[in-house]
Amino acid sequence: MSENGKSLVLSGSGVTKIFGSGAKKVVAVNKVDFEFHEKELVSIVGESGSGKTTLVKMLLGLISVTEGDIYFMGEKRDIRSRRQKKEYWKGIQAIFQDPFSSYNMFHKIDSVLLDCINMRGGRSLPRPKKIEMITEACSFVNLKYAELTNKYPFELSGGQQQRLMIARIFLLKPKILLADEPTSMIDACSRATILDMLLGLRNETGMMIIFVTHDIGLAYYISDSVYIMERGRFVESGKADAVILSPSAEYTKRLINDVPKIHSPWDFTKAAEGASV
Amino acid sequence: MKNSLAQVFKSGKFLVGFSIIVAIVLAIIVYPLLVPGNPLEMIGVGTFFKPGTYISAYDAVNSRSFYTLNLTDAAAKRVASKLSDADREVMLEWFTLFFEENPGDVDLEEMDINDTQTLVTLWWETYDPSIRFDSMTSAKRKYIARVDAQLEGILEDADVIIAAENDDGTLSQSSVILGTDYVNVSDIASVRILPLGTDNFGRDVLKQMISACRTSLLIGLIAGTIATLIGLVLGLLSGYVGGIVDDVIMFVTNLFTVIPSFVLLILISFSIGQEQRGARVVAVVIGVTSWVWTTRSVRAQVVSLRNRDHVNLSKLSGHSLVRILIMDILPYIASYVIMAFILQVCSGILAEAQLSMLGLGPKTTQVPTLGLMMYWAMAYAAHINGAWWAYFPIVILIAIISFSLNLMNTGLDQVFNPQLRD
């Protein structure tokens, strides 16, 4: 139930997702088990098509689970009714990969943030109080609300949009944040800012973060523990140091070798070998 | 929103289509103000009066002021107007046969059949009703005899005497109208311009057509709105909810796709019965039978939208199904739905015309529709009688409406479909 005195917030056993049936059957996620603890930063690392995003959507309750159980705060998750779902989503939120498609382009920025306040039960708060909360959230991610109000999301840069997503999480203060490759569509300079903000938010609210990425170097840099995913399965998991400094699975070794190093020349033969495995 | 509207109005195709429709709508509004009256009033006694200006002969003869104009070609024109082109052709045919048997010094090749004077003079010199050519049918011979009777007194230039009845029943001359007497049209009390003549019931075709255009557009709008609404609601639910709801809706939709909607339309229209079938009812029936393709295409669009991140985000923000459908899905497919709506309006107008031509259109005595006008023109064989004005303008109008609606649709497509953008 607990590890180092930290309680389990999200866990799963035998979680499976199968798309289609018969000849077109695709097993996207194949019987994975996991245990995520309070205040932890967990990374799920894998290549494209390894089933990371499917797993994220199952964890979020956006798609159904074909087999297996997911436990939330120690209890079996039950999100059949809309009310249960809404309650669940107060505790678990997400940042998506592509900030450009994460917003409804017909709605102004204000409505995205107001929705968050409404969801936390602040619907009846006076308007100045709401504005104050939004301004605070924006300034946490280095955005000025006065400059954003009445603008549409597509008028912002990708980095700004992703920061706005973090401001949204700041307002919602969920127990768990699922960050699905939040930096992969952003330029390198903004990337560090976004990561710093996420880590800052974690320190401030004490939430646990599930960080989904294909970049094993980044995972090592930020996570407490790491799950390596290959073709719908977790091939290796454990503390970040243990997994990355002394990998046991072949796939993990390959992922580590594929990280480009600035001070050594790129070994093409090795990369080609890796690709052919 | 403003931006896309501005883009739409920059599209040449859309603008052309839009202005034609606006012009038609303006005509529908303005024309009844200029020429008031019931469009179904039977003003002409007789069928298919030619297009033109109709001047009351009674008023012309009784006009107080006659003007004398000495026009040199007036007499010739008067004579010429009594012989139609067909009559002249027949006369020439007769001459040809006559001179084959009795060679003379007349050169028929050189003869101008529009020169009435020469033609009539030669006719009187040669024509004899007792002569029979073997190659001529008796029907033609009788026709020629009628033409000959028409020519009686054609070249005479006698004055017309107007006589009035006295108290004792005898006639006495009241006035004489000379060949050089003219009246000014503006002095005549009763003049009616019938730009497109009258139909088989003696109704003003243009007036009726404007009124019919209004009804047909209304039918198209009602049918299009109903079809788009049904298609939109079913398509949104089917595409977004998925699962069993999708299966049931798609089953029903496929069922309707397989049955040709026109057959369905005919059967429903027939079973409603003549009495209940007003223009609105027909519009509703057309709408109820033509939602299928909208449903299918809206569903396809929604299926691709429902997994987008902004929809997921909206779900995570705790929004309800209806709110997600209206706020997060509908705006993304709005342009597509508007295009589908325009096409539905167009096909609604065409469906009404088709139904009416089969005699299953709106109840026939209350409102004119474009389809009904076609139906009556066909029933009274306007095309055989040569009364082009009773059906041709209507065909053209239907074609123009359909053309401009499709042009608007193509214009919108080019604005909203990035692959087609220049």
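Residues numbered from 1 in each chain as written. Chains lettered and ligands numbered in written order. Predicted model: local features only at pLDDT ≥ 70, side-chain atom pairs only at ≥ 80, totals over all residues.

Caption draft 1: Highlighting the overall build of chain A. Along chain A, the regular secondary structure elements total 12 helices and 11 strands. Its C-alpha radius of gyration of 20 Å places chain A within 12% of the 19 Å reference for a compact globule of 277 residues. Taking the principal axes of the C-alpha coordinates as reference, chain A spans close to 60 × 45 × 45 Å. Residues classed as buried in chain A amount to 37% of the 277 residues present. Partitioning the intrachain contacts of chain A with sequence separation of at least 6 by distance along the chain shows that 66% fall at a separation of at least 24. (Helix = DSSP H or I, 4+ residues; strand = E, 2+ residues; numbered from the N terminus. Rg over C-alpha atoms; globule rule 2.2 N^0.38 Å. Buried ≥ 20, exposed ≤ 12 C-beta atoms within 10 Å, placed from the backbone. Contact = placed C-beta atoms within 7 Å.)

Caption draft 2: Region of interest: the interface of chain A and chain B. With 16 residues of chain A in contact, the opposing surface of chain B contributes 13 residues. Elements that contribute at least two residues to the side of chain A that touches chain B include exactly helix 2 (82-91), strand 7 (92-95), helix 3 (99-102) and helix 4 (109-119) of chain A. With three residues, helix 4 of chain A is the largest single contributor of residues to the side of chain A that touches chain B. Of the residues belonging to the side of chain A that touches chain B, the class tally is nine nonpolar, four polar and three charged. (Nonpolar A, V, L, I, M, F, W, Y, C, P; charged D, E, K, R; others polar.)

Caption draft 3: How the structure looks around the confidence of the model for chain B. Residue and element names in this part refer to chain B. Scored by pLDDT, chain B comes out at a mean of 88, with 98% of its residues at no less than 70. The lowest-confidence element of chain B is helix 4 (residues 74-82), averaging 78 in pLDDT; the highest-confidence one is helix 8 (residues 205-241), averaging 95. Scored as a whole, the predicted complex attains pTM 0.81, and scored at its interfaces, ipTM 0.86. (pLDDT = per-residue confidence, 0-100.)

Caption draft 4: Layout of the pairing of strand 8 (residues 176-180) of chain A. Residue and element names in this part refer to chain A. Counting buried residues along strand 8, five of its five residues qualify, which places the element largely inside the surrounding structure. Because side chains alternate across strand 8, one face comprises the buried residues Ile176, Leu178 and Asp180, and the other comprises Leu177 and Ala179, equally buried. In this sheet, strand 8 lies alongside strand 7 in parallel orientation, the contact comprising four bridges. Residue pairing across strands places Ile95 opposite Ala179, the latter belonging to strand 8. With helix 8 (residues 188-205) bridging strand 8 and the parallel strand 9 (residues 208-213), this β-α-β connection has right-handed handedness. (Pairing = 2+ DSSP bridges. Right-handed = clockwise from strand over helix to strand, strands pointing away.)

Caption draft 5: Region of interest: helix 9 (residues 243-258) of chain B. Between its first and last C-alpha atoms helix 9 of chain B spans 22 Å; for 16 residues at 1.5 Å apiece the expected length is 22 Å, and the two agree. Where burial is concerned, little of helix 9 of chain B is hidden: one out of the 16 residues are buried. (Expected span 1.5 Å × (residues − 1).)

Caption draft 6: Structural detail: the nonpolar core. If you look at the biggest cluster of nonpolar residues, it comprises 71 residues, and the most contacted ones within it are Ile166, Leu178 and Ile210 of chain A. If you tally residues by element for this core, the top one is helix 7 (residues 158-172) of chain A, at eight residues. Excluding residues that lie within four positions of it along the chain, Leu178 of chain A makes contacts with Val56, Leu59, Leu60, Ile92, Ala94 and Ile210 of chain A. Counting residues in each nonpolar core, the second largest holds 68 residues, with Ile333, Ala353, Trp389 and Ile398 of chain B among its members. (Core = buried A, V, L, I, M, F, W, Y, C linked by C-beta atoms within 7 Å.)

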